[in-house]
Amino acid sequence: MIECKNITKTYKNGETETDVLKGISFTINDGEYVAIMGPSGSGKSTLMHILGALDSPTSGTYFLDGRDVSKLSDDELADVRKNKIGFVFQSFNLLSRATVMRNVTLPLLYSEVPKQKREMLAKDALTSAGLEEGRWNHLSNQLSGGQMQRVAIARALVNNPSIIFADEPTGNLDSKTGEIVLDTFQKLNEHHAHTIVLITHERYVAEHADRIIHIQDGLIIEDKENSAKRVATLHHTHETT
Ligand SMILES: Nc1ncnc2c1ncn2[C@@H]1O[C@H](COP(=O)(O)OP(=O)(O)O)[C@@H](O)[C@H]1O
Ligand SMILES: [Mg+2]
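Residues numbered from 1 in each chain as written. Chains lettered and ligands numbered in written order. Predicted model: local features only at pLDDT ≥ 70, side-chain atom pairs only at ≥ 80, totals over all residues. Heavy atoms only, no water.

Trainee: Break down the layout of surface pockets for me, with residues and values.
Mentor: Of the voids in this model, the largest pocket is the one considered here, and its volume is about 320 Å³. Counting residues per element, the ones that place at least two in the lining of the largest pocket are α2 (74–83), β6 (85–89) and α5 (145–157). Sort the elements by how many residues they give to the lining of the largest pocket and β6 lands first, with four residues. Grouping the amino acids of the lining of the largest pocket by side-chain chemistry returns eight nonpolar, three polar and three charged. The space that makes up the second largest pocket amounts to roughly 220 Å³. Together, 15 residues line the second largest pocket, and Asp55, Ser56, Pro57, Val69 and Ser70 are the ones closest to its centre. Where the lining of the second largest pocket is concerned, the elements lending two or more residues are β4 (59–64) and α2. If you tally residues by element for the lining of the second largest pocket, the top one is β4, at three residues. (1 Å grid on protein atoms, 1.4 Å probe; cavity = no way out; pocket = protein on both sides within 12 Å on 5 of 7 lines; lining within 4 Å. Points joined across faces, edges and corners; volume = space filled by probe spheres on them. Helix = DSSP H or I, 4+ residues; strand = E, 2+ residues; numbered from the N terminus. Nonpolar A, V, L, I, M, F, W, Y, C, P; charged D, E, K, R; others polar.)

Structural data, given as structure tokens:
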């Protein structure tokens, strides 16, 4: 469970101070599918970095599963990032000249998981992310954008994290391919009970979630159930996108 209270973030560059987050409070329960929506520059990525324990707030408190993240030791933080949280980014961030398998097993390299088990977990993650088996040994730069994003989702899933943060995951994809990726998040939420936090500047994308937190200029202007939930009707079993 994510609980943040009055989170602020101020960036200082020399003399200039920019207040990016101005007091953000909300709770996200386990198993929710939430979109954080707002225009470019509204502070979405800044907020995601804080929620993902990659950055700390200037003030306010952030509790993750009942633990104050600001009080965690470096080891505990590393453990949270490794085991509790998966990230998916707009630009996929894959190793382009490594195979799909290598990209997906990478997060397990520094764990004590034996090699065979790593491959098994990677295969499960790739299956959940909807990438067909024929691509698993391709180099990631031989894939389409939609396939790359599915590899990135598999990489985020391989540690079986409870929460997936996706920052503009459809930003580099055409709308049909974006829809397939959104369908994947829907399935992960529905069938595997992952908490999904989907970050987007597009209402159309946000409407795939069950709840929309709307932020503008570093403040929440609306936080409510999404009554216009969109469900992708696409089936991606044999998609080549
Ligand atoms: N490291 C930084 N230093 C200074 N300003 C930053 C930094 N990161 C982001 N900002 C500023 O914070 C604002 C919000 O950025 P961001 O969180 O990336 O917004 P969004 O993801 O909603 O587009 C922007 O005006 C951006 O220029
Ligand atoms: Mg952003």
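So that's the structure; there's more coming.
Trainee: I'd like a description of the packing of aromatic side chains, backed by residues and values.
Mentor: Taken as a whole and judged by the stated rule, the model has two aromatic pairs. When the centroid spacing of 5.8 Å and the interplanar angle of 15° are considered together, the rings of Phe87 and Phe89 count as stacked. Residue classification places Phe89 among the partly exposed positions, given a relative accessible area of 22%. Taking the centre distance of 5.9 Å and the plane angle of 25° together, the rings of Phe87 and Phe165 count as stacked. Here Phe87 is found in strand β6, whereas its partner Phe165 is found in strand β7 (residues 163–167), with 78 residues between them in sequence. Judged on exposure class, the residue Phe87 and its partner Phe165 are both buried. An aromatic cluster is defined as three or more aromatic residues linked by ring pairs; in this entry it consists of Phe87, Phe89 and Phe165. (Phe/Tyr/Trp six-rings, centres within 6.5 Å; stacked < 30°, edge-to-face > 60°. Buried < 20%, exposed > 50% of the residue type's maximum accessible area, 1.4 Å probe, protein only.)

Trainee: Describe the sheet that holds strand β8 (residues 195–200), listing the residues and the values that go with them.
Mentor: If you trace the six strands from one edge of the open sheet to the other, you get β6-β7-β8-β3-β9-β10, paired in mixed fashion. At either margin of the open sheet sits one strand with a lone partner, and together these are β6 and β10 (219–225). Strand-to-strand twist across the sheet, computed as the mean angle between neighbouring axes with direction ignored, equals 15°. Bridging between strand β9 (residues 211–216) and β10 involves six bridges; their strand directions are antiparallel. Of the residues in β10, the one forming a bridge with Ile212 is Lys224. Against the sheet, α5 touches β6 and β7, its axis set at about 165° to β6. (Pairing = 2+ DSSP bridges. Axes fitted to C-alpha atoms, helices over the stretch in contact; angles between N-to-C directions. Contact = heavy atoms within 4.5 Å.)

Trainee: Any details on the side chain of Ser42? Residues and values, ideally.
Mentor: Looking at where Ser42 falls in the secondary structure, it is placed in the loop between β3 (33–37) and α1 (44–51). Take Ser42: its relative accessible area is 1%, and that puts it in the buried class. Here Pro39 takes part through its backbone oxygen, which lies 2.6 Å from a polar atom of the side chain of Ser42. Beyond its immediate chain neighbours, meaning those up to four positions away, Ser42 contacts Val20, Ile215, Gln216, Asp217 and Gly218. (Polar contact = N/O pair within 3.5 Å; in protein donor to acceptor, adjacent residues only side chain to side chain.)

Trainee: Quick rundown of the site of ligand 1? Include the residues and the values.
Mentor: Taken together, Tyr11, Asn13, Val20, Pro39, Ser40, Gly41, Ser42, Gly43, Lys44, Ser45 and Thr46 form the complete shell of residues around ligand 1. In this structure, Gly41 approaches ligand 1 through a main-chain N or O atom, which is 2.7 Å from an oxygen atom. For ligand 1, the protein covers 60% of the area, taking 560 Å² as the surface of the free molecule. Of all the secondary-structure elements, those providing two or more residues to the shell around ligand 1 are β1 (2–13) and α1. At three residues, the largest contribution of residues to the shell around ligand 1 is made by α1. (Near = heavy atom within 4 Å. Areas by Shrake-Rupley, 256 points an atom, 1.4 Å probe, with all protein chains shown as cover.)

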